Amino acid sequence: MKIAIAQLNPTVGDLTGNAERILAMAHQAADLGADLFLTPELSLCGYPPRDLLMRPSFIQQMKQQSIELAKAMPSALSALIGIAEHNPAASQGEKPIFNSMALLQAGKIKEIFHKRLLPTYDVFDEDRYFESGTTANSFMYTTSGTSLHIGVTICEDLWNNESFWGKRAYPINPIQELVEKGVDLVLNLSASPFVCGKQALRERMIAHEAKQQQCPIVYVNQVGGNDDLIFDGQSVAFNQAGQIMSRAAAFETDLQMVTFDPATKDLQAAAIRPLLDNPNAEIWSALVLGVQDYARKCGFTKVVIGLSGGVDSAAVSALASQALGPQNVLGILMPSPYSSDHSISDAEQLANNLGIATQTIPIGPLMASYDSTLSSLFAGTEDGITEENLQSRIRGNLLMAVSNKFGHLLLTTGNKSEMAVGYCTLYGDMNGGLAVIADVPKTRVYALCHWLNRDHEVIPQHILTKPPSAELKPDQRDQDSLPDYDALDNILERLIQQQQSADDIVAAGHSAAVVQRVIQLVTRAEFKRRQSAPVLKVTDRAFGMGWRMPIASRWSLAISSSASTNSLSPDSPFLDSLASDSLPIQTPTKHHQPQTPVRS
């Protein structure tokens, strides 16, 4: 039996377009002699459809589209298509729909199977919409006179092996139940979002399951960007011994063929695409795809970026150039009286290296106009953060004007370190439609740029060696207001992703006073993050739909009693306000949460 693994890039809500993509790849598979055709989870509507699932008309149109798709499929091909299906028991208090797959055969929908395990953590909120399936899903398939018993599962159904994870997250293991029913093969339709390093984890987990159950597993994953989520594809197949037999491409659509031998009841070796095992290569590929699909699926062909001569805008410009082509990227230089000559020349050299167009708009006259307009109201006060923020907001207004005038998508350039501690300005540098690197720590931004320069210079060397600065006042440096980025990013990694307590972070070698201050900054910056553009997710704890912290709260993230007794020196520059807006700092309290698992 030849199985076609269709690694598709759907657009959420585009029922007709997604059906056309499924059908086109189904014909390719039929031409290659495929018997069974697999598509990702919710492939007909795209994942995640979020609250579109609450609209009865959306579910009804999906049903009709699946009926029409069944009629149009190649007659000799059996296909599994991801859909949302109406729940007839909804009137009895159950959820109105199931997360399902439809088996299409001979022009009809032959059977429908329901997802059993519904993830509700991080970016997943499936219990909001779906009712859980209650029975183990399988069907019989006859090929060359041999009848095969095929088990079918959807995404999370594969992620509950107690011996692999050390515990169960759900009471049942659908794979174990299918093996106990005597299936010959397990298929899994997934939409598993990208996180750096996750593919290696997926493969270890699937290999463990296949070997433990002595049952081959074929896993098909969605690819592409949908809003803040990026799906990496890398669909795989493992034999009974837990050996990889097939791997599809990373970050691109693909059609892979794998053969199941009824005599041995096992998979035969097929094409194995390379595994991206370099984190910089993984993250870069994911961000390029995320920018490309966000622009394309939202109807943008060109983007605009504020070029400061710094590493963040350089990285975003390089990403956008690769995603959309340099001819579709416009860089805006907005020097102020505080901008250094090298910042302008660095930005110009970057633009030349990338081949992108630029425009220069000096903001000195606008700054003077603001000063004049506000002079009577601000009389008797000293210049400070407010005036620094005005520069950022002037630049933000100019960039939005260009975006509005020409229909370009404005990309923000702030990184995760800045977003975490609020080192950013609302309605200024936070303006934009997509926060490209807001899940990439500053140290990783530098690592990405060095990786990009591995063969030849893309990012000018001076950008990578000069001290980072917002250049909003004379001789300003980021480290006037922040700890060294190596220390800051390590603290943030421990606090945000590992969810360590303050005591744990201090025990790792960090100053108690610095840890206290970082936690205060992270806590009070929540109101800014809530107003951010969508953040492309590349880590297991991003500032997006998986981060749901309150704004008006007196419960700090992870401060401990020992750290709270260590106050900062009144003369410490780190005690000063950041070059940003701020809310009052609340008295911190101890809080320790378990680490969020990286799952499906």
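Residues numbered from 1 in each chain as written. Predicted model: local features only at pLDDT ≥ 70, side-chain atom pairs only at ≥ 80, totals over all residues. Heavy atoms only, no water.

**Q** Report on the sheet that holds strand E20 (residues 409-412), specifying residues and quantitative values.
**A** Strand order in this open sheet of five strands is E19-E18-E17-E20-E21, and the pairing throughout is parallel. Every interior strand has two partners, whereas the edge strands, strand E19 (357-360) and strand E21 (434-435), have only one. Where strand E18 (residues 329-333) and E19 come together, four bridges link them in parallel fashion. Looking at E19, one finds that Ile332 is bridged to Gln359. Of the strands in this sheet, strand E17 (303-307), E18 and E20 touch helix H7 (residues 311-324), which is tilted by about 160 degrees from E17. Seen against the sheet, helix H10 (residues 385-406) touches E17, E18 and E20 and runs at an angle of roughly 160 degrees to E17. (Pairing = 2+ DSSP bridges. Helix = DSSP H or I, 4+ residues; strand = E, 2+ residues; numbered from the N terminus. Contact = heavy atoms within 4.5 Å. Axes fitted to C-alpha atoms, helices over the stretch in contact; angles between N-to-C directions.)

**Q** So what's going on with the packing of aromatic side chains? Residues and values would help.
**A** By the definition in use, this model includes nine aromatic pairs. With a centroid separation of 5.0 Å and 85 degrees between ring planes, the pair formed by Phe164 and Trp165 is classed as edge-to-face. Owing to a relative accessible area of 23%, Trp165 belongs among the partly exposed residues under this scheme. Between Trp284 and Trp451, the ring centres sit 6.1 Å apart and the planes meet at 50 degrees, which makes this aromatic pair tilted. (Phe/Tyr/Trp six-rings, centres within 6.5 Å; stacked < 30°, edge-to-face > 60°. Buried < 20%, exposed > 50% of the residue type's maximum accessible area, 1.4 Å probe, protein only.)

**Q** I'd like to hear about the layout of surface pockets, residue by residue, with values.
**A** Reported here for the largest pocket is a volume of approximately 920 Å³. Considering the residues around the largest pocket, the lining is formed by 47 residues, among which Ser308, Arg395, Thr413, Ser469 and Ala470 are closest to the centre. Contributions of two or more residues to the lining of the largest pocket are made by E17, H7, E18, helix H8 (341-354), H10, E20, helix H12 (442-452) and helix H13 (461-465). The residue makeup of the lining of the largest pocket, split by class, is 20 nonpolar, 18 polar and nine charged. (1 Å grid on protein atoms, 1.4 Å probe; cavity = no way out; pocket = protein on both sides within 12 Å on 5 of 7 lines; lining within 4 Å. Points joined across faces, edges and corners; volume = space filled by probe spheres on them. Nonpolar A, V, L, I, M, F, W, Y, C, P; charged D, E, K, R; others polar.)

**Q** Before we move on, could you go through the sheet that holds strand E13 (residues 236-238) and cite the residues and values that matter?
**A** Read from one edge to the other, the open sheet built from six strands follows the order E7-E8-E9-E10-E13-E14, with strand pairing classed as mixed. Each edge of the sheet is formed by a strand with only one pairing partner; in this case those strands are strand E7 (138-143) and strand E14 (244-247). Geometrically, the sheet is characterised by an average inter-axis angle of 20 degrees between neighbouring strands, direction not taken into account. Across five bridges, strand E9 (residues 185-190) lies against strand E10 (residues 217-221) in parallel orientation.

**Q** Now, about the packing of helix H1 (residues 15-31) against helix H2 (residues 56-72): what can you tell me, with residues and values included?
**A** It is the contact of H1 with H2, at a shortest axis distance of 10 Å, that shows an interaxial angle of 25 degrees. Judged by the angle between their axes, H1 and H2 are roughly parallel. In this structure, the crossing between H1 and H2 has a hand that is right-handed. Residues Leu15, Thr16, Ala19, Ile22, Leu23 and His27 of H1 pack against Phe58, Gln61, Met62, Gln65, Leu69 and Ala72 of H2. Here the residues of the contact of H1 with H2 sort into eight nonpolar, four polar and no charged. (Parallel < 35°, antiparallel > 145°, perpendicular 65-115°, else oblique. Left-handed = near helix turned anticlockwise from the far one by under 90°.)

**Q** Provide a residue-level description of the pairing of strand E3 (residues 78-86), including the pertinent values.
**A** In summary, the side chains of a regular strand alternate between the two faces of the sheet. With eight of nine residues buried, E3 is to be regarded as a mostly interior element. Bridge analysis of strand E2 (residues 36-38) against E3 gives three bridges, and the strand direction is parallel. When the bridges of E3 are listed, Phe37 appears paired with Ala79. Pairing of E3 with strand E4 (residues 97-105) involves eight bridges; the strand directions are antiparallel. Bridge pairing links His86 to Ile97 in E4.

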